[in-house]
Amino acid sequence: MAGSQLALIKNLCLCYCDNKPEILDKTVNTVSHLLHSEHGNIYQDDIRLLDKIWKHFQKYGRNHEMLRFGQIYARLNKLKVLKVRLETLQFLYALADTASTEHHYDSISRPMPTSSASSFDIPSFSLLSVQQGSSNTKENGFSHNSSHIKSSTSLQKLLHYTNDDENSLLSKTHLHSTINNNNNNNNNNEIEHISSLKRDNEESRILRELLFGMQGIETPRLSTNDTNIDRCTRSLITRFLECGWLYEKIRKIINTPTTSLVGQAFIANLSSELREYHRLISVIEQQENIPGMVSLKKLHVWMCTPIQRLKCLAAIADSCQGKKGGQLLSILYMHSQHGDSLQQSILYPLLYNCTIPIRDMIVEWICNGIINDPYQEFFVSTDKMISEEKLWYDKYTLRVPMIPSFISMDQAKKIWITGKSINFLRVVCKDRTMLQINKTPASSQSLFQQQRSTEFQDMIISIYNETTRYLRSILDDKYQMMDHFKAIKRYLLLGQGDFIKYLMDLMENELNKAANQVFYHNLQSLMDAAIRVTNAQYESEDIIKRLDLRLMYVSPSELGWDVCCLDYKFDGPLRTIFTEENSLRYMRIFNHLWRVKRMEYTTCGVWKQLMKSSRQFASIPEISDMIHVCFTMSNEMTKFVQGVNYYIMFEVLECSWSDLLNKLMEAKDLEQILEAHDDSLLKILTRLHLDGHETSQELAKQLRCIFDLILNFGSIIQRLIQCVENELQARKPYQQQHYGTYTKTVEPDAEVRRFHTILKPQLKTIKSDLHIVKKAFRDAVLKFLQQLKFHPDITLRSLSFRLNFNEFYKVSSTSKSTS
Amino acid sequence: MPSEIITLQLGQCGNQIGMEFWKQLCAEHGISPEGKLEPFATEGSDRKDVFFYQADDQHYIPRSVLLDLEPRVIDGIMKSPYKHLYNPENVYISKDGGGAGNNWAQGYHQGDKLSEEIFDIIDREADNGDSLEGFVLCHSIAGGTGSGMGSNILEKLNDRFPKKLIQTYSVFPMTNEVADVVVQPYNSVLTLKRLAENADCTVVLDNTALNRIATERLKKTTPTFAELNQLVSTIMSGSTSTLRYPGYMNNDLISLISSLIPTPRLHFLISAYTPLTSDNTESEVRKTTVLDVMRRLLQPKNVMVTTASRDKNLTHCYVSILNIIQGEVDPSEVHKSLMRIRERKLAEFIPWGPASIQVALSKKSPYITTQHRVSGLMLANHTGISSLFDRICDHYDKLIKREAFVENFRRLPKFKENLDEFNDSREAVQGLMDEYRAATRKDYINFGNSETTQAE
């Protein structure tokens, strides 16, 4: 022993002996003996070794042998003949270890532990050992705890049994007796023995009180202000009493009634945690009966983890109060995302158990489309009042706050859509086929441990794919969705040009009437006639049956042209895709396209009339210049209308159609189909300046103004042709007289007079009318182009490019006239 | 069946190109040479009834009238696999079978004489449809039957069907070498007047250019008539494709031509086609985009009329352009291509009115496989066409100065008294050329106004 060390010990002993040198030497001797003694470790090692052996038994589940071993060991202890007890045990343990290797494979085949310690671990407290591996015996959650607890309690019993047998009368600590035995210095030991007894008495009193306090029971006899107790102990007491407070807090939360399945699971879990805690306390209580087994300091060490555990539980329970369903899960999940492995281990079973109800709901929903959610915890909610037609849109809504944070929005939507699809199939499509889904429901932990296993994701995706594929096949095959889309394009979007053209031919007279004189039945028979003779006749019967007409709201100033709309009737599930709202949109689009077509029809008609009449009118050279003006105007208008038409065809209809087709091809679920359809409709509306935007309304107004001018021009041409034809008719007698075939004489003077008094004034007014229309048309087109320039939609801006391809119209803010 | 079109095939050339046209249509619609629908032709989005009608036994019969003054060509057709295609009542060969002897006057006179019988056929055919849209006339303007009888029929059609459109596919003779028919310039000028005054739309098929294209593009040293006719039938089927495959636009003849033709006389359209392949040539397959197609269509070497871009201090320009693009096309390409063409100024347009390249998309026949993803046809109204008339007039003027070969004409009614008809026609053609030239200028808007403005 180094001198300095010896000096220090002497100093210490001096203090201990109250400066009585007579006992100093003895004390120093004892102390140094103690310090040098190897036997101080015996007990310690003994216990540790025993612990190992217990564990060994536990590991292989030989509880029975364990019991037997305990009895033998107790007897061995009593015998006291065996001096090398430790060594013997070691030997035996080593034997067991080598023997067990052959059993090792058996153990692997058993379900192996998956998580770290998650509950109050009794052996670790009772035997003071490091927790190494002890917790491994648990598989998951609670199911395994019971067996584990059984083994540890039996251990406790054993320990009791040993101690009672050995020293029931002495009832003093084993440790001391052992030391006494080994140290032959009886006198000194006596003194120490008594003082430690005193302390022990005090401590065990505190301990006993504490054990109550730790269970939240008031302990008036234990006060932190008690001056008899030293400061160190006081702080320890405070620490232990905190347990009690935490326990009480958790217990209160448990006792609050809850209306939530997840909440119930949560509370069940909390109470089982408390049960574990109780068990711990009771174990300590039992230990406490064995003198020297429990001390405040030991308790402090033992309670270290349990306190953290309680704290953590209390904090979680606190934050979860009043929450339910997915929200609660989100909070738990948030807490579990913690670096501390203890906290993780606490939360794992919590999350596991609380996720089960939601998991079950998800499985029920995506497999059967049923919402089994008495407490509104699921993130899909249902409204029973919603009708069949609106089922897809409004019946089931996504409760975003109820989506557990470990489920991504994308997954939640997929789940939502899968269940909706099933209901859609059942209710709207009247299809009751049960989809064979060869997928076992995902385990609960795969929901919140998605980074570890894709089980949940796989389940969702596979069921989603299966369901949506089936729904798509029903829509495609049973309800011919694509055919209807194509029919819409052909009829409502005027793609079936020959039909539309002929329909116009047939309806022209009818539609020229005032809107309130246009009757559905008249038009309907005309439409049927158009279907019969055009390529529409080759359409499937179903599509033809759906084609219909609709007369829109009639205001007195409108013509049949403005109110007549083609309509396409939908029923069943198609009603979900082509809703009433969409039908109205299609009607607006149709109305616009129809109007532009009518302009095309008008300009073509004017062109033809001019073309054919101009040959007859060659005999009146006076009007040739006027005819020429008419032609150039007609050309301008034709180009304008054609420009608008080409724009509509390419930039609006064809582009959005090819877009829609692509999207429909890719679309997996109904939601995507609806989205694609909606997108394409909106695109068409915007590009046809029907979207209600301010600039669009201006454009629409201006376009109507231009169209009115075209119609006006058409009627002027009618007048011109009529009046020239009258003139030609009037000239006939004179000409025939000229050729000598007509007998009645006609005065040449009368001819000239008529020409000057009737035709000329008529021509003059027509000429001035033409001039006005011409000027107005140019101005209107310029203004239209100007407006297009500033429209926010780029596609619509490209219309001006088309209309003014050769830059004939000088679009600028200043120039108004072009020629 | 609305918007039917009746095809009139006149003379040797008219019947030959007509036959090629029907061959092409049958192939495109999946109709066998006997008129039966092929079993594979089930696709059904095409409109066959514009050009065909169905007999009681469901056979498809072309709405076609075959007329000739000599039997050779029609006999040839009647010996071909297509002999059962046509309605035999619609085939008319003059009984004396002497032909018109390449004489316009002879053809015109015969047409007059036979008009009753001819119009019986045409009237019957016209009554056959629900609402006839118009007539398409295939003929050559150089020979006797197609030009002479064609002129006669054109005049009468206008009187008899004043509301129907008349479109002609007129083959113009070679002008760059000695003609095989000496009176060809006479025939041409006389027919041109009728085309200018009585037709609503004339698609000019210039033999010179057709030969050039056949030799250059198809690498043929001496193209056969059959090959040239195939080129013509390609143009004809292409330009009618939008009528046969209904879509949003251009479903009838009038919407097709009304935007191309601004004023009554400016109705001579040039055409171009790409890519051109004949049956036995392996042309390299290129990736064809819409822009490629549109650009190539504007290249003079693809245009089926040899025109000058400049003459007499004028820059000729396009009055209007219609591109019919067939095949699978991304519609968004069209706009980009148009932008590019305008940027590069690949086409010059008239200064007196709005004009643009109109693009029509048309389906390709599913029954014909081609190497090309996309093909394009251009129908355009170009003022440069006047140079073609100019060349014809040059030849005409040289002949008429010497009054060469007029004796053959004098024998016939229209020329018995005087040769005014020649002068009238020449004047009319001059007027046509003048109008085309005027259309290059900004003041065309006031064309023909001068005298009235002076008068007022």
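Before any of the text, the structure's been laid out above.
Notes on the structure in this doc start here. In this numbering scheme, every chain counts its residues from 1 along its sequence in written order. Think of it this way: whatever chain is written first is A, whatever ligand is written first is 1, and the rest follow in order. For this predicted model, a pLDDT threshold of at least 70 governs which residues receive local features, and a threshold of 80 or more governs which side-chain atom pairs are given and counted, while totals over whole chains, interfaces and linings are taken from all residues. Where side-chain values are given, they derive from all heavy atoms of the structure, hydrogens and water being excluded.

1. Side note on the overall build of chain B
Only DSSP runs of H or I reaching four residues or more are called helices, and only runs of E reaching two or more are called strands; each is numbered from the N terminus. A count of helical and extended segments in chain B gives 16 helices and 14 strands. Viewed in the frame of its principal axes, chain B has a C-alpha envelope of about 60 × 55 × 50 Å. Within chain B, buried positions represent 65% of all 456 residues. Residues are treated as being in contact if the distance between any of their heavy atoms lies within 4.5 Å. Counted over contacts in chain B with a minimum sequence separation of 6, partners at least 24 positions apart contribute 82%. Carbon and sulfur atoms form 49% of the exposed surface of chain B, whose accessible area is close to 16800 Å². Charge convention: Lys and Arg are scored as positive, Asp and Glu as negative, and His as well as the terminal groups of each chain are ignored. Every charge is mapped onto a representative atom, which is NZ of Lys, CZ of Arg, CG of Asp or CD of Glu. In chain B, 50 positive and 59 negative side-chain charges are present, and the distance between their average locations comes to 6 Å. A 1.4 Å probe rolled over the protein chains alone gives each residue an accessible area, and that area as a share of the maximum for its type sets the label: buried under 20%, exposed over 50%, partly exposed in between. A 1.4 Å probe and the Shrake-Rupley method give the accessible areas. Residues count as covered only by the protein chains that appear here.

2. As for helix 10 (residues 290-298) of chain B
Residue and element names in this part refer to chain B. Taken across its nine residues, helix 10 has seven buried, putting it largely inside the fold. Of the positions making up helix 10, those classed as buried are Val290, Leu291, Val293, Met294, Arg296, Leu297 and Leu298. Looking at the packing, one finds that the buried side of helix 10 touches strand 9 (268-274), strand 12 (318-327), helix 11 (331-344), strand 13 (357-362) and strand 14 (374-382).

3. Side note on the packing of aromatic side chains
Centres within 6.5 Å make a pair out of two Phe, Tyr or Trp rings, where for Trp the six-membered ring is used; the pair is then stacked when the planes are under 30 degrees apart, edge-to-face when over 60, and tilted otherwise. Overall, the coordinates contain 42 aromatic pairs over all chains when judged by the stated rule. Considering the side-chain rings of Phe570(A) and Phe578(A), the 4.1 Å spacing of their centres and the 5 degrees angle between planes classify their relative orientation as stacked. In terms of burial, Phe570(A) and Phe578(A) fall into one category: buried. Between Tyr186(B) and Phe409(B), the aromatic rings sit 5.6 Å apart at their centres with planes inclined by 90 degrees, giving edge-to-face as the arrangement. Here Tyr186(B), found in helix 5 (residues 184-198), pairs with Phe409(B), found in helix 13 (residues 407-410); they are 223 residues apart in sequence, far enough to count as distant. Note on accessibility: Tyr186(B) and Phe409(B) belong to one class, buried. Of the aromatic side chains, those joined through ring pairs into one cluster are Trp104(B), Tyr108(B), Tyr186(B), Tyr396(B), Phe409(B), Phe415(B) and Phe422(B). Of note, Lys414(A) hangs over the ring of Tyr464(A), and the distance from its end group to the ring centre comes to 5.1 Å. Consider the ring centre and the ring normal. A charge sits over the ring if Lys NZ or Arg CZ is within 6 Å of that centre and within 35 degrees of that normal. Its guanidinium or amino end placed over the ring of Trp416(A), Lys420(A) lies 3.8 Å from that ring's centre, counting from NZ or CZ.

4. Some details on the side chain of Lys420(A)
Secondary-structure assignment places Lys420(A) in helix 17 (residues 409-428). Sequence-distant contacts of Lys420(A), that is, excluding residues within four places in its chain, are made with Trp365(A), Leu391(A), Trp392(A), Tyr396(A) and Glu671(A).

5. Side note on the packing of helix 21 (residues 497-511) of chain A against helix 26 (residues 580-616) of chain A
All names here are of chain A. Whenever a helix is involved, its axis is fitted only over the stretch in contact; in every case the axis is a line through C-alpha atoms, and angles between N-to-C directions fall within 0 to 180 degrees. At a minimum axis separation of 11 Å, helix 21 and helix 26 run at an interaxial angle of 85 degrees. What the angle tells us is that helix 21 and helix 26 run roughly perpendicular. Between helix 21 and helix 26, the residues in contact are Ile500, Lys501, Leu503, Met504, Asp505, Glu508 and Leu511 and Trp594, Lys597, Arg598 and Tyr601, respectively. Each residue belonging to the contact of helix 21 with helix 26 can be placed in one class, and the counts come to six nonpolar, no polar and five charged. In this scheme, roughly parallel covers angles under 35 degrees and roughly antiparallel covers those over 145, while 65 to 115 is roughly perpendicular and the rest are oblique. Each residue receives one of three labels: charged for Asp, Glu, Lys and Arg, nonpolar for Ala, Val, Leu, Ile, Met, Phe, Trp, Tyr, Cys and Pro, and polar for the others, Gly being one of them.

6. Some details on the interface of chain A and chain B
Chain A puts 54 residues into the contact, and the matching count from chain B is 67 residues. Buried area is a sum: the accessible area each of two parts loses on coming together, probed at 1.4 Å, counted once for each and added. Summing the contributions of chain A and of chain B, the shared interface buries around 5300 Å²; its carbon and sulfur component is 59%. For the chain A face of the interface with chain B, the top three residues by lost area are Trp607(A), Lys639(A) and Phe805(A), together amounting to 14%. Counted as salt bridges are all cases of a side-chain nitrogen of Lys or Arg within 4 Å of a carboxyl oxygen of Asp or Glu. The tally of links from chain A across to chain B stands at five salt bridges. Notably, a salt bridge pairs Arg342(B) with Glu807(A), separated by 3.9 Å at the nearest N-O pair. Two N or O atoms count as a polar contact when they lie within 3.5 Å, although within protein this holds only if one can serve as hydrogen donor and the other as acceptor, and sequence-adjacent residues are included solely when both atoms are side-chain atoms. Where chain A meets chain B, there are 23 residue pairs in polar contact (both at pLDDT 80 or more). Elements with a contribution of two residues or more to the side of chain A that touches chain B: helix 21, helix 26, helix 27 (624-666), helix 30 (748-789) and helix 31 (794-803) of chain A. Partitioned by chemical class, the residues of the side of chain A that touches chain B number 19 nonpolar, 17 polar and 18 charged.

7. Some remarks on unusual backbone geometry
All names here are of chain B. Residue Pro275 is reached from Thr274 by a cis peptide bond, and omega for that bond is -10 degrees. Mapped onto the elements of the fold, Pro275 is located in the loop between strand 9 and helix 10. Positive phi values are uncommon outside glycine, yet Glu403 reaches one of about 50 degrees. Relative to the helices and strands, Glu403 resides in the loop between helix 12 (385-401) and helix 13. Since its relative accessible area comes to 41%, Glu403 is described here as partly exposed.

8. Structural notes on the side chain of Asn211(B)
All names here are of chain B. Note that Asn211 resides in helix 6 (residues 207-216). A relative accessible area of 17% means that Asn211 is categorised as buried. Those residues within four positions of Asn211 in sequence are excluded, and the remaining contacts are Met174, Pro223 and Leu228.

9. Notes on the sheet that holds strand 14 of chain B
Think of a sheet as strands paired side by side through backbone hydrogen bonds, with each pair either parallel or antiparallel. Residues and elements named next belong to chain B. The strand order across the open sheet built from 10 strands is 5-4-1-6-7-8-9-14-12-13, with neighbouring strands paired in mixed fashion. One side of each edge strand has no neighbouring strand; the edge strands of this open sheet are strand 5 (91-93) and strand 13. Pairs of neighbouring strands in the sheet enclose a mean axial angle of 20 degrees, with direction left out of account. Whether two strands pair depends on DSSP finding at least two bridges between them.

10. Thoughts on the pairing of strand 12 of chain B
Residue and element names in this part refer to chain B. Of all 10 residues in strand 12, 10 are buried, a share of seventy percent or more. Sheet topology places strand 12 next to strand 14; nine bridges connect them, and they run antiparallel. Bridging from a neighbouring strand, Gly327 pairs with Val374 of strand 14. Across six bridges, the pairing between strand 12 and strand 13 is parallel. If you follow Ile321 over to strand 13, its bridge partner there is Ile357. You can see the chain leave strand 12, run along helix 11 and come back into strand 13, and the turn it takes is right-handed. Seen with its strands pointing away from the viewer, a crossover is right-handed if its path from the first strand over the helix to the second goes clockwise.

11. Points about the pattern of salt bridges
Residue and element names in this part refer to chain A. Applying the stated criterion to the full structure yields 55 salt bridges over all chains. In this structure, Glu600 and Lys597 form a salt bridge, with 3.1 Å as the shortest nitrogen-oxygen distance. Of this pair, Glu600 and Lys597 both sit in helix 26, three residues apart, roughly one helical turn. Given the relative accessible area of 6%, Glu600 is considered buried. The class of Lys597 is buried, set by a relative accessible area of 8%.

12. A look at a nonpolar patch on the surface
Where nonpolar side chains cluster on the molecular surface, the patch consists of Phe91(A), Leu92(A) and Leu95(A) and spans about 290 Å² of accessible area. Structurally, Leu95(A) can be placed in helix 5 (residues 85-100). Note on patches: the residues involved have over 30% relative accessible area and no salt bridge, like charges join within 9 Å, and the nonpolar side chains Val, Leu, Ile, Met, Phe, Trp and Tyr join within 5 Å.

13. What about the nonpolar core?
All names here are of chain A. Remark: nonpolar core denotes a set of buried residues (Ala, Val, Leu, Ile, Met, Phe, Trp, Tyr, Cys) joined through side-chain atoms within 4.5 Å. Formed by 352 residues in total, the largest nonpolar core has its most connected members in Phe379, Leu566 and Phe640. Take this core: its biggest share by element is 19 residues, from helix 27. When we break this core down by domain, the ones giving at least three residues each are domain 2 (346-478) and domain 3 (585-733 + 751-809). Discounting chain neighbours no more than four positions away, the residues touching Leu566 are Tyr491, Leu492, Phe499, Ile500, Leu503, Met527, Leu547, Asp548, Leu549, Met587 and Phe590. By size, the runner-up hydrophobic cluster in this structure holds 11 residues, among which are Ile53, Trp54, Tyr73 and Tyr93. Boundaries between domains were set according to an automatic or database domain assignment.

14. A word on helix 1 (residues 11-29) of chain B
Residue and element names in this part refer to chain B. For helix 1, with 19 residues, the first-to-last C-alpha span of 26 Å sits near the 27 Å given by 1.5 Å per residue. The element helix 1 is extensively covered by neighbouring structure, given that 14 of its 19 residues are classed as buried. Gly30 sits one or two residues past helix 1 and shows a positive phi near 70 degrees. Expected helix span is given by 1.5 Å per residue-to-residue step, counting one fewer step than there are residues.

15. With respect to the packing of helix 30 of chain A against helix 31 of chain A
Residue and element names in this part refer to chain A. Two elements in contact, helix 30 and helix 31, have axes whose closest approach is 8 Å; the angle formed by their N-to-C orientations is 140 degrees. Between helix 30 and helix 31, the angle falls in the class oblique. In the crossing of helix 30 with helix 31, the sense of the turn from one axis to the other is left-handed. Of helix 31, the residues touching helix 30 (which contributes Phe784, Leu785, Leu788 and Lys789) are Leu796, Arg797, Leu799, Ser800 and Leu803. Across the contact of helix 30 with helix 31, the residue classes break down as six nonpolar, one polar and two charged. Should the near helix be turned counterclockwise from the far one by less than a right angle, the crossing is left-handed, whereas a clockwise turn marks it as right-handed.

16. Points about the environment of Arg221(A)
All names here are of chain A. You can see Arg221 is positioned in the loop between helix 10 (186-213) and helix 11 (231-255). Assessed through its relative accessible area of 58%, Arg221 is described here as exposed. Separated by 99 residues in the primary sequence, Arg221 and Cys320 place their C-alpha atoms 35 Å from one another. Discounting chain neighbours no more than four positions away, the residues touching Arg221 are Arg205 and Glu209.

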